[in-house]
Amino acid sequence: MARVFMKGCEAIAEAAVRAGCRFFAGYPITPQNEIPEYFSRRMPEVGGVFVQGESEVASVNMVYGAASAGTRSMTSSSSPGIALKSEGISYCASARIPMVYANISRGGPGVGSIQPAQMDYFQATRASGNGGFQMMVLAPSTVQEAVDLTYAAFDYADRDRNPVLLLADGVIGTMMEPVVLPEMKSDAEIAAIKASKQPWACTGHKLDCAHRAWIQPGQWSTAVQQEKNEEAAALYLSWEKDVQAEEYLVEDAEVVIAAYGISARIGKSAVNQLRAQGVRAGLIRPITVHPFPYAAFDHIDYSRCKAVLDVEMSIPAQFVDDVAAAVKDRCPIRTCLCSGGNIMSREAVLAAVKSIMEG
Amino acid sequence: METNLCVAGFGGQGVMTLGKFLADATCNSTDKKVTFFPSYGAEQRGGTANCFVVISDDDIGAPLGDVMDDLIVMNGPSMNKFLHTLKPGGTLFINSSIVSGQIGRTDVKLVKAPVTELALEMGSAKVLNVIMLGVYVGYTEVIAPDVVWETIEHKLASKPKLLPLNKQAFEKGLELGRAQRG
């Protein structure tokens, strides 16, 4: 397959189209504008629907509706816009509606800054809305990975009847990189996917009321609500099998960098530079940040590891909480942080590792 | 081997297009890793616009490094903003029509090209970026000139009448770049 040179946001949108996404609704916000812009041109070419909603709340609820009718559907936004969508996302999770959404995150809190950041980690992994629901959260560190994870996200969503979040950042969204695009699903394949949802989706009952679908974001009966929540809890536990992480030169490492997304690729380039200087550095990069790859941290040789270095574009640090839960006090944890829209500097990572090595 | 390039100028001088042509050509014609990262933000008309291109044999970390190997400066304000990012021994390419060659640094190589004047002489101020792309490729040979031209040709496929002028601009740039190579 030939490489094509694409912007992250556009590549995410094209990957979604190829995965069979035929409904997208969104609302403009930097730095994710190229996602709706791309869909607005592309959807008519494939017989899909693009809507620029009147707000984030409207667009996420349009996706709730389209996905309830069995169509692979997506929305996207950037940090404060994602916060506005939280009601609709929680409704989808409660009603067990499969949908995919992307957060091309920027500085926060509040309106924050329009430059890239990783300030939405807790929001993404802990509470993307009310009610304690969970989602698989996929965190790409290259444009190619953003494509591959977007393509896979629709399968996860349909398998689980649950929302899936692609957690990227303004660098991944706005940079261009060569990508190999996945296969385009045929109209027949897309129709088969939709048909497979017939048991629960609102695909039309043709006057056969026995087959009437009923989409509910809540329950009148406390007993039924508890039962639904128990089913959801069991689903979340089943994601253990879906954990993905990259472990790079961890076995003999004296310092292990823990990072995700854009910070991880900067961390990896720091590892390469350190190794060339004879410093035994390694990297653990969660690809799924929820479920989190806690077990990857058991592969560190703690008899020689001086510290784990948490590298993230968030002040205060957030990702470090999961890193600490994985390290379990087996070695110290240090941080290398930036925020406010500043992009992580490799020089800062190198300096942090050297300071650990010097003790 | 990794090359970090920053291209900076006024909004409207085509600095993004310059960077994109170079990065796209690298993607199309080589197995190298390449990234393009545009500045975005509260950019104002008449302010600086800039982009970063990284070309590497290995995986690329940040698509914008802290230290530049090469810097293309199309206007004065960009010089003030970015000159300090150029590493000692790096190469500075200036639009000498409007940027002074008195840069106050002796530890970098200086390549001058009066691209604004040359573009006007060719009949369109718009091709100054293509001339500068030619200068850069001619001087650095970071990738083969013919594949860069093929990319430009492909990008302009819907506007064939622009091709002769752009070809002239690119070749003039190559000539200027090659002439200043040590």
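Residues numbered from 1 in each chain as written. Chains lettered and ligands numbered in written order. Predicted model: local features only at pLDDT ≥ 70, side-chain atom pairs only at ≥ 80, totals over all residues.

Student: Could you give an account of the overall build of chain B, with specific residues and numbers?
Tutor: Each helix and strand counted, chain B has 6 helices and 6 strands in total. Starting at the N terminus and walking to the C terminus, you meet the elements of chain B as β-α-β-β-β-α-β-β-α-α-α-α. Here the C-alpha atoms of chain B give a radius of gyration of 15 Å, agreeing with the 16 Å that 2.2 N^0.38 yields for 182 residues. Projecting the C-alpha coordinates of chain B onto the three principal axes gives extents of approximately 40 × 40 × 35 Å. Each of the 182 residues in chain B was classed as buried or not, and the buried ones make up 48%. Intrachain contacts of chain B at a sequence separation of at least 6 include 57% that bridge at least 24 residues. (Helix = DSSP H or I, 4+ residues; strand = E, 2+ residues; numbered from the N terminus. Rg over C-alpha atoms; globule rule 2.2 N^0.38 Å. Buried ≥ 20, exposed ≤ 12 C-beta atoms within 10 Å, placed from the backbone. Contact = placed C-beta atoms within 7 Å.)

Student: How would you explain the overall build of chain A if you had to name every residue and give the values?
Tutor: When helices and strands are counted, chain A shows 13 helices and 14 strands. In terms of C-alpha radius of gyration, chain A reaches 21 Å, essentially the compact-globule figure of 21 Å for 359 residues. A buried classification covers 53% of the 359 residues belonging to chain A.

Student: Break down the sheet that holds strand β10 (residues 255–258) of chain A for me, citing the residues and quoting the values.
Tutor: All names here are of chain A. With respect to topology, 5 strands assemble into an open sheet ordered β9-β11-β10-β13-β14, the strand pairing being mixed. Strand pairing shows two members of the sheet lacking a second neighbour, β9 (245–248) and β14 (333–337), which therefore form its edges. Here the strands of the sheet are splayed against their neighbours by 20 degrees on average, with no regard to which way each runs. In this sheet, strand β11 (residues 281–286) lies alongside β9 in antiparallel orientation, the contact comprising 4 bridges. Looking at β11, one finds that Ala 245 is bridged to Pro 286. Sheet strands touched by helix α11 (residues 261–276): β9, β10, β11 and β13 (307–312). Its angle to β11, the strand with the most contacts, is close to 165 degrees. (Pairing = 2+ DSSP bridges. Axes fitted to C-alpha atoms, helices over the stretch in contact; angles between N-to-C directions.)

Student: Any chance you could break down the environment of Thr 85 of chain B for me, citing the residues and the numbers?
Tutor: All names here are of chain B. Its location among the elements puts Thr 85 in the loop between α2 (76–82) and β5 (86–95). Thr 85 gets classed as partly exposed once you count the C-beta atoms within 10 Å, which come to 17. As a C-alpha pair, Thr 85 and Ile 131 span 46 residues in sequence and 24 Å in three-dimensional space. With near-sequence residues (within four places) excluded, Thr 85 lies in contact with Cys 6, Val 67, Met 68 and Leu 71.

Student: Break down the interface of chain A and chain B for me, with residues and values.
Tutor: Counting from both sides, the interface comprises 20 residues of chain A and, opposite them, 17 residues of chain B. Going through the elements one at a time, α8 (170–174), β8 (176–179), α11 and α13 (346–357) of chain A are the ones with two or more residues in the side of chain A that touches chain B. When residues in the side of chain A that touches chain B are grouped by element, the largest group, 4 residues, is from α11 of chain A. Class assignment for the residues of the side of chain A that touches chain B results in 9 nonpolar, 5 polar and 6 charged. (Nonpolar A, V, L, I, M, F, W, Y, C, P; charged D, E, K, R; others polar.)

Student: Could you give me a rundown of the packing of helix α1 (residues 15–29) of chain B against helix α4 (residues 128–140) of chain B, with the residues and numbers involved?
Tutor: All names here are of chain B. Packing of α1 against α4 leaves a shortest axis separation of 9 Å and a crossing angle of 40 degrees. On the basis of the axis angle, α1 is oblique to α4. Seen from above, α1 lies across α4 with right-handed handedness. Facing Val 15, Thr 17, Leu 18, Phe 21 and Leu 22 of α1, the residues of α4 in contact are Asn 129, Met 132 and Leu 133. (Parallel < 35°, antiparallel > 145°, perpendicular 65-115°, else oblique. Left-handed = near helix turned anticlockwise from the far one by under 90°.)

Student: Hey, could you go over the domain arrangement of chain A for me, with residue numbers and the actual values?
Tutor: Residues and elements named next belong to chain A. When the domains of chain A are assigned, the result is domain 1 (4–196 + 231–238) and domain 2 (246–357). Relative placement of domain 1 and domain 2: their C-alpha centres are 27 Å apart. Sorting the residues of the side of domain 1 that touches domain 2 by element identifies α6 (121–125), β6 (136–138), β7 (163–169) and α8 as the ones contributing at least two each. Broken down by element, the residue count for the side of domain 1 that touches domain 2 peaks at 4 residues, all from α6. (Domains from an automatic or database assignment.)

Student: Explain the nonpolar core to me, and be specific about the residues and the numbers.
Tutor: Residues Ile 12, Val 256 and Ile 257 of chain A together with Phe 93, Ile 131 and Met 132 of chain B are the most contacted members of the largest nonpolar core, which totals 165 residues. A per-element tally of this core places helix α7 (residues 143–160) of chain A first, with 10 residues. A domain split of this core shows at least three residues from each of domain 1 (4–196 + 231–238) and domain 2 (246–357) of chain A. Not counting the four nearest positions on each side in its chain, Ile 12 of chain A is found in contact with Ile 35, Ala 102, Ala 146, Val 147, Thr 150 and Leu 166 of chain A. (Core = buried A, V, L, I, M, F, W, Y, C linked by C-beta atoms within 7 Å.)

Student: Would you mind going over the sheet that holds β7 of chain A in detail, with residue names and values included?
Tutor: Residue and element names in this part refer to chain A. One open sheet holds the 7 strands; their spatial order is β3-β2-β4-β5-β7-β6-β12, and the pairing between them is mixed. Either end of the sheet is taken by a strand with one partner, and the two such strands are β3 (49–52) and β12 (288–290). Direction aside, the axes of adjacent strands within the sheet are offset by 20 degrees on average. Bridge count for β6 against β12 is 2 bridges, and the pairing is antiparallel. Each residue of the ladder has a partner; that of Val 137, found in β12, is His 290.

Student: So what's going on with the pairing of β7 of chain A? Which residues, and what values?
Tutor: All names here are of chain A. Burial analysis of β7 places 7 of its 7 residues in the buried class, which makes it a mostly covered element. Every second residue of β7 is oriented toward a common face, with Pro 163, Leu 165, Leu 167 and Asp 169 on one face and Val 164, Leu 166 and Ala 168 on the other, all of them buried. Looking at chain direction, β6 and β7 are connected through 3 bridges and run parallel. Pairing of Val 137 across the sheet is with Leu 165, part of β7.

Student: Describe unusual backbone geometry, with residues and values.
Tutor: Residues and elements named next belong to chain A. Following Thr 30, the chain continues to Pro 31 via a peptide bond in cis, the omega torsion being 5 degrees. For the bond running from His 290 to Pro 291, omega is 5 degrees, close enough to zero to count as cis. Mapped onto the secondary structure, Pro 291 falls in the loop between β12 and β13. Backbone geometry places Arg 161, a non-glycine residue, at a positive phi of 50 degrees. As for its placement among the helices and strands, Arg 161 is situated in the loop between α7 and β7.

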